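# Structural description and commentary
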Amino acid sequence: MPRNVPRPTVLPTPLTAPREDRPDRPTLFLTGGSGVLGQALIDELAPDFDLLCLRRARPLDDPRVSEIEGDLLAPRLGLSRREWYELALRVDVVLHSAAQTNWRTPPEEILRTNTLGTETVLDLAARADAPLYLVSTAFVANRPTEEDKERFPGAAAYLNSKIRAEQLLRDAGLPGAIVRPSVVMGDSVNGRIAGEQGLTKTIGSMVLGQVPVLPGAPEARIDMVPQDYVSQAVGDLIRGGVGSGEYWLTAGKEAVELREFADVCADVAVRHGLPRPERPRLIPVEAVHRLLLPMLEGTSLPGALRRRLQHYAELLLVFQRELPFDTSLGDPDCGTRLTHADIRSALVRNAEKWAEDNSGLLSRQRATTAAPAEAAS
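Quick summary incoming for the structure in this document.

### Focus: the pattern of salt bridges
Enumeration over the complete set of coordinates arrives at 25 salt bridges. Here E67 makes a salt bridge to R55, at a shortest N to O gap of 2.6 Å. Placement of the pair is E67 in strand β3 (residues 65-69) and R55 in strand β2 (residues 50-55), with a sequence separation of twelve residues. Classification of R55 by relative accessible area gives buried; the value is 18%. The partner of R55 in a salt bridge is E69, and the shortest N-O contact between them spans 3.8 Å. Taken together, the residues R55 in strand β2 and E69 in strand β3 connect sequence positions 14 residues apart. Among the charged side chains, a network of salt bridges with common partners joins D43, D62, R64 and R192.

Here you go:
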């Protein structure tokens, strides 16, 4: 039970049916249904659960779910005391996937959102006597250095907030589990993902040849997992009644290397009529702070390019690894283990989906690159 939150001894008369009088189909309370992973979780869980999704403003508009409008950071989600107790009576399982992932948000807001939101769902799970499954990140393994915290305060705040959220669940002593996906890709089959995130933007810039340098050794790995593999593992843990543990939803030793990532994006560019981008120059990570970032701060490069390079440095300093993660995928009640071929195929599909969604941009890029050749002739 979260500290300083007393458990009620008497519930008000419910307007909903008591738990024992409801059908066998359990109710799962989901946060983050509109996020990068949310749609995949709904697809995975809807056949087995009555889904009750928290939303703040924008409706999900999904007939498979019921929605509760509320604020994750408000006491009792902003619900009245009666509504809060009735919600606890309905809920059988809590899955907390919502988080502030925008590293441009002020660091104190990232910490507040990701820790206070976890405290609120812990309170709900305790009152509902329900297990709580917390979606964290595999990159809690990459503790930011003091230099990283100074240069990349948003990324450092995000990692620290996830570390704190995990500790809150451990301290609460509730049943449930922590799941740690690495970089979540789009679907392995159709490449679909809810909105652009860091990986999607990086794929696009690589296809367009806008990444002249990257921090990292050629053999450094980018651990990526398609969202359908992540959601399947989460669903298996919940359906299996797993009540404790920490699960790494990662590619592990099958993760693609940085140079392979660049080559896949270049292949997609050629298939869509663009000149093959040059492979980015790879700068050892230890040289990023010493050379690349000071160069960016004092350079006359255009502002957009400077910001893009800073963004890639931030992403890759957090997300790339020379040594692979462990992985729990393929363990009992934890989804399917990925092969290297699975991940490469998913990366190709994600890059192709980006190209399909940005066909107009690619047409303009083709016209731009063709114009000098026409003028020369």
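On we go.
### A short note on the sheet that holds strand β4 (residues 93-96)
Strand order across the open sheet formed by seven strands is β3-β2-β1-β4-β5-β6-β11, with parallel pairing between neighbours. Single-partner strands in this sheet number two, and they are β3 and β11 (246-249). Averaged over all pairs of adjacent strands, the angle between strand axes in this sheet comes to 20°, irrespective of strand direction. Here strand β5 (residues 132-135) pairs with strand β6 (residues 176-181) via four bridges, running parallel. The partner of L132 across the bridge, within β6, is G176.

### Description of the pairing of β4
Side chains of β4 alternate between two faces, with V93 and L95 and V94 and H96 buried alike. Bridge count for strand β1 (residues 27-31) against β4 is four bridges, and the pairing is parallel. The residue bridging T31 from the neighbouring strand is H96, located in β4. Sheet topology places β4 next to β5; three bridges connect them, and they run parallel. Across the sheet, the residue bridging to L95 is Y133, located in β5. At this point the chain moves from β4, through helix α3 (residues 107-128), to the parallel β5, and the crossover so formed is right-handed.

### What to know about unusual backbone geometry
Not every positive phi belongs to a glycine, and D61 is a case in point at roughly 55°. Here D61 lies in the loop between β2 and β3. Looking at D61, the relative accessible area reads 67%, which means it is exposed. Unlike most non-glycine residues, L77 shows phi in positive territory, near 60°. With respect to the secondary-structure elements, L77 resides in the loop between β3 and α2 (81-90). Residue class for L77 comes out buried when judged on its relative accessible area of 2%.

### Re the packing of α3 against helix α5 (residues 153-172)
Two numbers describe how α3 lies on α5: the axes approach to 8 Å, and their chain directions differ by 20°. With respect to α5, the element α3 is oriented roughly parallel. Note that α3 runs across α5; the crossing there is right-handed. Taking contact as the criterion, the partners of P107, I110, L111, N114, T115, T118, E119 and L122 in α3 are, on α5, P153, G154, A157, Y158, N160, S161, R164, A165, L168, L169 and A172. Per-class residue counts for the contact of α3 with α5 are eleven nonpolar, six polar and two charged.

Cut-offs applied
Residues numbered from 1 in each chain as written. Predicted model: local features only at pLDDT ≥ 70, side-chain atom pairs only at ≥ 80, totals over all residues. Heavy atoms only, no water. Salt bridge = Lys/Arg side-chain N within 4 Å of Asp/Glu carboxyl O. Helix = DSSP H or I, 4+ residues; strand = E, 2+ residues; numbered from the N terminus. Buried < 20%, exposed > 50% of the residue type's maximum accessible area, 1.4 Å probe, protein only. Pairing = 2+ DSSP bridges. Axes fitted to C-alpha atoms, helices over the stretch in contact; angles between N-to-C directions. Right-handed = clockwise from strand over helix to strand, strands pointing away. Parallel < 35°, antiparallel > 145°, perpendicular 65-115°, else oblique. Left-handed = near helix turned anticlockwise from the far one by under 90°. Contact = heavy atoms within 4.5 Å. Nonpolar A, V, L, I, M, F, W, Y, C, P; charged D, E, K, R; others polar.

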